[in-house]
Amino acid sequence: MPNNEMYNSLVGFTQDTGGIISKPKTISEVMNNLAIRVTKEVLNQIDSEKLTDTGNLRQSVQMPVKFFGTKFVATLFMADYYDFLNQGVTGAIDKSISSDYSFKKGGKKPPINVSSIDGRSLRQWAERKGINPFAVRESIFQKGIRKRPFWDKAYKTITQGDIFEQLKIDLASAGRTATTEEIKKIFKKK
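Residues numbered from 1 in each chain as written. Predicted model: local features only at pLDDT ≥ 70, side-chain atom pairs only at ≥ 80, totals over all residues. Heavy atoms only, no water.

Enquirer: Explain the overall build of the chain residue by residue, including any values.
Expert: The secondary structure content of the chain amounts to nine helices and four strands. Going from the N terminus to the C terminus, the chain shows its helices and strands as α-α-α-β-β-α-β-α-α-β-α-α-α. When contacts within the chain are restricted to residue pairs at least 6 apart in sequence, those whose partners lie at least 24 apart make up 55%. For the chain, the accessible surface area stands at approximately 11,800 Å², while carbon and sulfur atoms represent 53% of it. (Helix = DSSP H or I, 4+ residues; strand = E, 2+ residues; numbered from the N terminus. Contact = heavy atoms within 4.5 Å. Areas by Shrake-Rupley, 256 points an atom, 1.4 Å probe, with all protein chains shown as cover.)

Below, the structure is given as structure tokens:
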């Protein structure tokens, strides 16, 4: 794959362009608007689910737009643990949480002293809250972690709501036409 860093920096894909462009004239401006709207929606959903204890998940959200050869690429990045929060984790005993992730009876419990992705441990979190870290670990293991579907809500708004509609308007403003199916291909959920 060619290295387009020089080109990307010249056309502004590695820099903040200052916000939404009201009447985009180019596909790069359309992609800039899309990235800003998607990022804002994900952040709004993180805030609405009150997932801002340390702010690390919020700070990890970014969507850079790059140009590679003849294609624009915009990838949404979030901390690796986002899906545990989004789907929840089924406990070893309490099975009321339906999730792809689960603790198994007789299996490993969440570590107390091992640092997580954001450099904090369960012990540090519990002590900051004034709670016994062993009790927290046992509770997480037995009961699981409740679902906080911030990404599912954001994805629905992005693919079916205002952001999707605004993308169609922006494309028309830039003189581009695309069918609804072509636009939906942009938003493949992995």
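So much for the structure itself; the text now carries on.
Enquirer: Lay out helix H7 (residues 150–160) in plain terms, naming residues and giving numbers.
Expert: Burial in H7 covers these residues: Phe150, Trp151, Ala154, Tyr155, Ile158 and Thr159. Buried residues in H7, looked at end-on, bunch into an arc of 140°, giving them a common side. For H7, the exposed residues lying more than 90 degrees away from the buried face are Lys156 and Gln160. Looking at the buried residues of H7, the elements they touch are helix H2 (27–48), helix H3 (56–60), helix H4 (82–87) and helix H8 (162–173). (Buried < 20%, exposed > 50% of the residue type's maximum accessible area, 1.4 Å probe, protein only. Arc of directions from axis to C-beta.)

Enquirer: Explain the pairing of strand S1 (residues 65–68) residue by residue, including any values.
Expert: The pairing of S1 with strand S2 (residues 71–74) spans four bridges and is antiparallel. Considered in S2, the bridge of Val65 is made with Ala74. As consecutive antiparallel partners, S1 and S2 are separated by two residues, and within that stretch Gly69 has a phi angle of approximately 60°, a positive value. (Pairing = 2+ DSSP bridges.)

Enquirer: Requested: an account of the pattern of salt bridges, with residues and values cited.
Expert: Going through the model one piece at a time under the given rule, you end up with seven salt bridges. Among the salt bridges present, the one from Asp47 reaches Arg58, with a minimum N-O distance of 2.8 Å. Remark: Arg58 occurs in helix H3 and Asp47 occurs in helix H2; sequence separation between them is 11 residues. When its relative accessible area of 33% is taken as the criterion, Arg58 is described as partly exposed. One salt-bridge network, held together by shared partners, links Glu49, Arg148 and Lys153. (Salt bridge = Lys/Arg side-chain N within 4 Å of Asp/Glu carboxyl O.)

Enquirer: Hey, could you go over the nonpolar core for me, with residue numbers and the actual values?
Expert: In terms of nonpolar packing, the biggest core is built from 25 residues, with Val42, Ile46, Leu57, Phe150 and Trp151 touching the most fellow members. Those elements that place two or more of their residues in this core are H2, H7 and H8. Per-element accounting of this core gives the leading share, eight residues, to H2. (Core = buried A, V, L, I, M, F, W, Y, C linked by side-chain atoms within 4.5 Å.)

Enquirer: Kindly report on the side chain of Thr159, identifying the contributing residues and their values.
Expert: Relative to the assigned elements, Thr159 resides in helix H7. Residue Thr159 is classed as buried on the basis of its relative accessible area of 11%. Among the polar contacts made by the side chain of Thr159, one reaches the main-chain carbonyl oxygen of Tyr155 at a distance of 2.8 Å. (Polar contact = N/O pair within 3.5 Å; in protein donor to acceptor, adjacent residues only side chain to side chain.)

Enquirer: Summarise the side chain of Gln45; cite the residues concerned and give the values.
Expert: Among the secondary structure elements, Gln45 is positioned in helix H2. Taking the relative accessible area as the measure of exposure, Gln45 reaches 14% and is therefore buried. With near-sequence residues (within four places) excluded, Gln45 lies in contact with Phe150, Lys153 and Ala154.

Enquirer: Please give an account of the confidence of the model for the chain that cites residues and values.
Expert: Overall, the predicted model of the chain reaches an average pLDDT of 81, with 80% of residues at or above 70. The weakest mean pLDDT in the chain belongs to helix H1 (residues 5–11) at 47; the strongest belongs to helix H6 (residues 133–143) at 93. When the criterion is pLDDT under 50, residues 6–16 qualifies, and its contacts beyond four places in sequence or with other chains add up to 15 contacts. (pLDDT = per-residue confidence, 0-100.)

Enquirer: Could you give me a rundown of the packing of aromatic side chains, with the residues and numbers involved?
Expert: In this structure the tally under the stated criterion is three aromatic pairs. Measuring from centroid to centroid gives 5.7 Å for Trp151 and Tyr155, while their planes differ by 55°, and the two rings are tilted. Of this pair, Trp151 and Tyr155 both sit in helix H7, four residues apart, which is roughly one turn of the helix. Relative accessible area serves as the criterion here: at 19%, Tyr155 is assigned to the buried category. (Phe/Tyr/Trp six-rings, centres within 6.5 Å; stacked < 30°, edge-to-face > 60°.)

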